[in-house]
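Chain by chain, the residues run as shown.
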Amino acid sequence: EKIKNNETFACFYILPFSGETRNKPFIAAFFFLIYVVGVLINSSIITVICLEVQLHKPMYLFICNLSIVDILFTSVSIPKLLHMLLSGNHIVSISQCYTQLYFFLTAGGVEETLLFILAYDRYVAICKPLHYHQILNQRICTLITIGIWAVALLNASLYVTSVLYMSSCHSNIIHQFFCDVKSLTRNTCKVTEMFLIIDGVEVLLFGVIPLLCTFISYYNIFFVIFKMKSEESRNKAFSTCSSHIIVISIYYGTCLAELLIPSYSDVFDIIFSIVYTTITPIINPVVYSLKNSSVKSALLRLVKSKP
């Protein structure tokens, strides 16, 4: 619906794919499969970590939270996308759009911080093994986890509030498969100072600082690894870090690519968004958890124990 300039739209029209209508059932089936697989894998990881006492350790607590975030990531975007593809109704209310944005920002904030915490966990395990249980004991890890979620929820609240103060007057069409910041700000009449400040703090707090701290952690890790005299010890240390390096490379690589591509490249925008919001949540548990021998053996025991 067209509305005069300088007036806020009553709703948004999400236009994820410009293909013919006959292709929509196949696209819906593809995303439904991704969603089901992602939820099943991540739910299995959460279940086995909660049930197995031997996995009640700091690293697995953070991996469990990573799986929760991955379920949230896909649940925020895919069910609504499936509804749009199958019903043909692409209209999204203001409240639905900003609720989706809120939970998406929360999931992103938690995931980015968790990836750094997992890097720090590896740093303590390799560089300070004798003090591992003192530095990362159960109480500290629980407080870290609560803090991560609290800060991410607060950040999402401030971010969404700042976006609400901006009028969407250019267009009410979102060329994306969910309501994201880039698409919403592209349609605004004028970006407010409040939004710019919160956006800058958000990028610094959840983007630059965690990534920088991750690099520092790995610099120290590799420094210690290269000083090891035993080749077997070096290989074992590299093996414990490889999964995390793959996960952060995929996540930050696609996030940066999505942010840096020109604003008019709607197709690439959607492709990269699909990778880090739907594909990455499936890759994370496969790379990070299913490569872990303790998690694999616990999963096998859980499966065998079922009648």
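Residues numbered from 1 in each chain as written. Predicted model: local features only at pLDDT ≥ 70, side-chain atom pairs only at ≥ 80, totals over all residues. Heavy atoms only, no water.

As annotated in an unreviewed UniProt entry, the chain carries the name G-protein coupled receptors family 1 profile domain-containing protein and is attributed to Engystomops pustulosus. Listed under Subcellular location (unreviewed entry) in UniProt, the entry text for the chain is "Cell membrane". (UniProt positions renumbered as here; feature names shortened; annotations may be inferred.)

### Quick look at the packing of helix α5 (residues 138-164) against helix α7 (residues 193-227)
Orientation of α5 relative to α7, taken along the N-to-C sense of each, is 155 degrees, at an axis distance of 9 Å. In terms of their interaxial angle, α5 and α7 are classed as roughly antiparallel. In the packing of α5 onto α7, the handedness of the crossing is left-handed. Contact with α5, carried on its side by Val151, Ala152, Asn155, Leu158, Tyr159, Thr161, Ser162 and Val163, involves Met194, Phe195, Ile198, Asp199, Glu202, Leu205 and Phe206 of α7 and no other residues of that element. By residue class, the composition of the contact of α5 with α7 is ten nonpolar, three polar and two charged. (Axes fitted to C-alpha atoms, helices over the stretch in contact; angles between N-to-C directions. Helix = DSSP H or I, 4+ residues; strand = E, 2+ residues; numbered from the N terminus. Parallel < 35°, antiparallel > 145°, perpendicular 65-115°, else oblique. Left-handed = near helix turned anticlockwise from the far one by under 90°. Contact = heavy atoms within 4.5 Å. Nonpolar A, V, L, I, M, F, W, Y, C, P; charged D, E, K, R; others polar.)

### Digging into the confidence of the model for the chain
Put simply, the chain has an average pLDDT of 80, and 87% of its residues get 70 or more. This stretch, residues 1-7, has a pLDDT under 50; its non-local contacts, to residues over four places away or in other chains, come to twelve contacts. (pLDDT = per-residue confidence, 0-100.)

### Some details on the packing of helix α1 (residues 24-51) against helix α2 (residues 58-87)
One way to put it is that α1 packs onto α2 with a least axis distance of 9 Å and a crossing angle of 160 degrees. Viewed along their axes, α1 and α2 adopt a mutual orientation that is roughly antiparallel. Read as a crossing pair, α1 and α2 show a hand that is left-handed. Across the contact of α1 with α2, the residue classes break down as 22 nonpolar, five polar and two charged.

### Focus: the state of the cysteines
Considering all chains together, one arrives at one disulfide under this definition. Paired by a disulfide, Cys97 and Cys179 hold their sulfur atoms 2.0 Å apart. Sign of the S-S torsion, about -120 degrees for the bond between Cys97 and Cys179, identifies this disulfide as left-handed. Here Cys97, found in helix α3 (residues 94-127), pairs with Cys179, found in the loop between β3 (173-174) and α6 (181-186); they are 82 residues apart in sequence, far enough to count as distant. Look at Cys179 and you get buried, because its relative accessible area is 0%. (Disulfide = S-S within 2.5 Å. Buried < 20%, exposed > 50% of the residue type's maximum accessible area, 1.4 Å probe, protein only.)

### Focus: the nonpolar core
In terms of nonpolar packing, the biggest core is built from 82 residues, with Val48, Ile49, Ile63, Leu101, Val163 and Leu184 touching the most fellow members. The dominant element in this core, judged by the number of residues it contributes, is α3, at 16 residues. Ignoring sequence-local partners within four residues, the contact set of Val163 consists of Tyr98, Leu101, Leu184 and Phe195. (Core = buried A, V, L, I, M, F, W, Y, C linked by side-chain atoms within 4.5 Å.)

### So, the sheet that holds strand β2 (residues 91-93)
Taken together, the three strands give an open sheet; going across it, the order is β2-β1-β3, and neighbouring strands pair in mixed fashion. Strands with a single pairing partner mark the edges of an open sheet, and in this sheet they are β2 and β3. Relative to β3, strand β1 (residues 11-14) is paired through two bridges, and the arrangement is parallel. The residue bridging Ile14 from the neighbouring strand is Ile174, located in β3. Relative to the sheet, α3 contacts β1, β2 and β3, its axis offset from that of β2 by approximately 80 degrees. (Pairing = 2+ DSSP bridges.)

### Some thoughts on the packing of aromatic side chains
On inspection of all chains with the given rule, the structure shows eleven aromatic pairs. Between Phe116 and Tyr120, the ring centres sit 6.4 Å apart and the planes meet at 40 degrees, which makes this aromatic pair tilted. One end of the pair, Phe116, and the other, Tyr120, are both in helix α3, four residues apart, so they sit about a helical turn from each other. On the basis of relative accessible area, Tyr120 is assigned to the partly exposed category, the value being 28%. Here Phe177 and Phe178 contribute two aromatic rings whose centre-to-centre distance is 4.9 Å and whose plane-to-plane angle is 65 degrees, an arrangement assigned as edge-to-face. Classification of Phe177 by relative accessible area gives buried; the value is 0%. Cluster of aromatic residues (ring-pair linked, three or more members): Phe30, Phe31, Phe73, Phe104, Phe177 and Phe178. (Phe/Tyr/Trp six-rings, centres within 6.5 Å; stacked < 30°, edge-to-face > 60°.)

### Quick notes on the pattern of salt bridges
Side chains that differ in charge, positive against negative, can pair when their charged atoms come close. For the coordinates displayed, the defined rule picks out one salt bridge. We note a salt bridge from Arg122 to Asp121, for which the minimum N-O separation is 2.7 Å. Accessibility assignment for this pair places Arg122 and Asp121 in one class, buried. (Salt bridge = Lys/Arg side-chain N within 4 Å of Asp/Glu carboxyl O.)

### Quick word on the UniProt feature "transmembrane region" (unreviewed entry) in the chain
In the numbering used here, UniProt assigns the feature "transmembrane region" (unreviewed entry) to residues 26-51, 58-78, 98-120, 140-160, 203-226, 238-261 and 267-290. Split by type, residues 58-78 is 100% helix and 0% strand. Its first and last C-alpha atoms lie 31 Å apart. Measuring from the first to the last C-alpha atom of residues 98-120 gives 33 Å, for a span that is 100% helix and 0% strand.

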